[in-house]
Every structure is written in C-alpha cells, then in structure tokens.
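Residue-level structural notes
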Amino acid sequence: MQAQILTPAAILVVWSIIMLIWMATTRLPALKQLGGLGQAKAGGRGQDLEGVLPDQINWKSHNYAHLMEQPTLFYATVVILAILGPSAFDVMLAWAYVVLRVLHSIWQATVNRIPVRFSLFLLSSLCLAALALRALGATLSHG
C-alpha cells in the first residue's frame, strides 16, 4: 500500500517537470522575439514578464509556480501516510488530488477561465484537506 500512495506523488512530480518544459518551450521563443535573454534586465524575475509577454504564454509560468506551492503540502502528507500505512481511501484521495491538479494545469495553461479553474482548485484542495486530516489522525493514533 505504501508504494500505491507514493505513485500519485511521483506522477505529480513528473507532471511538474512537463509543465516546466511547456513553460520553457513557449516562453523562450517569445523572449527571443523581444531580443533574447541577453536583453533581460539584471536580476530579472518571471514576474517582470507580466505585460511584456502575451498572457497565454505567462499562464504556463503561473501554473508552474502553483505546482511549486500547494503540492508541497501534498508531498509531505503522502509521505506521512506512506510511513504509517495508508488506507485504500487515502490512495483514492491522492489519485483524485493529482488528477484534479493535472486538469487544473491544462485548464490554466490553455483556457484559463476562472470559474472552472477555481472549481478544480477547490476540489483538489478538499482532497488535500481530507488527506491532511487522515495523516493527522494516523499520527495521533499510531503506537
């Protein structure tokens, strides 16, 4: 069961790398049209490209940043459950979280309409909250 709950986490890591590649393969050509990386201001950050690059290109970057935020809680929660012995329900919640995050990524990177994006985020957050509560319960009842 431990490996079964770690698989969704591994998939989300791979998905995050896919989003990184998608971001780079859309941003770098757009930057080249603006004069290339050599024209970037010293110490510049991704946020500096807001209003410079088209929104549709920046959306991939926004989503990649999101994948570096809330999912860190997911990874910690999954590790806690893997150590203490996850249930089949925990594994299902982990898969639901990952599927919803991937759908959120695709939506944000392509269509980016807020009502759907928010719904996907909310549903994934509820899965994460349930996992976190189950991990807390597992730690409190262990031993």
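In what follows, the accompanying structure is described. (Residues numbered from 1 in each chain as written. Predicted model: local features only at pLDDT ≥ 70, side-chain atom pairs only at ≥ 80, totals over all residues. Heavy atoms only, no water.)

1. What to know about helix H2 (residues 55–67)
Selection rule: What counts as a helix is a DSSP run of H or I of at least four residues, what counts as a strand is a run of E of at least two, and both are numbered from the N terminus. Take the number of residues in a helix, subtract one, and multiply by 1.5 Å to get its expected span. Think of it in three bands: with a 1.4 Å probe and only protein chains considered, a residue is buried below 20% of the maximum accessible area for its type, exposed above 50%, and partly exposed in between. Residue contacts are counted whenever heavy atoms from the two residues lie within 4.5 Å of one another.
For H2, spanning 13 residues, the distance from its first C-alpha to its last is 18 Å, which sits close to the expected 18 Å at 1.5 Å a residue. Within the span of H2, buried status applies to Ile 57, Asn 58, Trp 59, Lys 60, Ser 61, Asn 63 and Leu 67. Of the surrounding elements, those touching the buried residues of H2 are helix H1 (2–33), helix H3 (71–84) and helix H4 (88–110).

2. With respect to the packing of H1 against H4
As a reminder of what qualifies: Lines are fitted to the C-alpha atoms to define the axes, a helix being fitted only along its stretch in contact, and any angle between axes, read from their N-to-C directions, falls within 0 to 180 degrees. Roughly parallel means an angle under 35 degrees; roughly antiparallel means over 145; roughly perpendicular covers 65 to 115; every other angle is labelled oblique. Side-chain classes follow a simple rule in which Ala, Val, Leu, Ile, Met, Phe, Trp, Tyr, Cys and Pro form the nonpolar group, Asp, Glu, Lys and Arg form the charged group, and the remainder, Gly included, forms the polar group.
Contact pair H1 / H4: the axes reach a minimum separation of 8 Å and the direction vectors enclose 10°. Classified by the angle between their axes, H1 and H4 sit roughly parallel to one another. When H1 is examined against H4, the residues Gln 4, Ile 5, Thr 7, Pro 8, Ile 11, Leu 12, Trp 15, Met 19 and Trp 22 are found in contact with a partner set consisting of Asp 90, Val 91, Ala 94, Trp 95, Tyr 97, Val 98, Arg 101, Val 102, Ser 105, Ile 106, Ala 109 and Thr 110. Considering only residue class, the contact of H1 with H4 consists of 15 nonpolar, four polar and two charged.

3. A short note on a nonpolar patch on the surface
Quick reminder of the rule: Grouping into patches uses exposed residues only, defined as over 30% relative accessible area, and leaves out salt-bridged ones; the cut-off is 9 Å for like charges and 5 Å for nonpolar side chains (Val, Leu, Ile, Met, Phe, Trp, Tyr). We get accessible surface area from the Shrake-Rupley algorithm with a probe of 1.4 Å; when it comes to residues, only the shown protein chains can shield them. What counts as a salt bridge is simple: a side-chain nitrogen of Lys or Arg found within 4 Å of a carboxyl oxygen of Asp or Glu.
Side chains of Ile 114, Phe 118, Phe 121, Leu 122, Leu 123 and Leu 126 sit close together on the surface and give an oily, nonpolar patch of about 560 Å² of accessible area. Among the secondary structure elements, Phe 118 is positioned in helix H5 (residues 114–141). Overall, the relative accessible area of 49% leaves Phe 118 in the partly exposed class.

4. Digging into unusual backbone geometry
One non-glycine residue, Asn 112, lies in positive phi territory at about 60°. Looking at the element boundaries, Asn 112 is found in the loop between H4 and H5.

5. A look at the packing of aromatic side chains
Definition in use: Aromatic rings from Phe, Tyr and Trp, with only the six-membered ring used for Trp, were paired whenever their centres fell within 6.5 Å, and each pair was classed as stacked if the ring planes differed by under 30 degrees, edge-to-face if by over 60, and tilted otherwise.
Going through the model one piece at a time under the given rule, you end up with two aromatic pairs. Both rings, one in Phe 74 and one in Tyr 97, keep their centres 4.5 Å apart while their planes meet at 20°; by these two values the pair is stacked. You can see Phe 74 sitting in helix H3 and its partner Tyr 97 sitting in helix H4, a full 23 residues away along the chain. Side by side, Phe 74 and Tyr 97 carry an identical accessibility label, which is buried. An aromatic cluster of three or more residues is present, and its members are Phe 74, Tyr 75 and Tyr 97.

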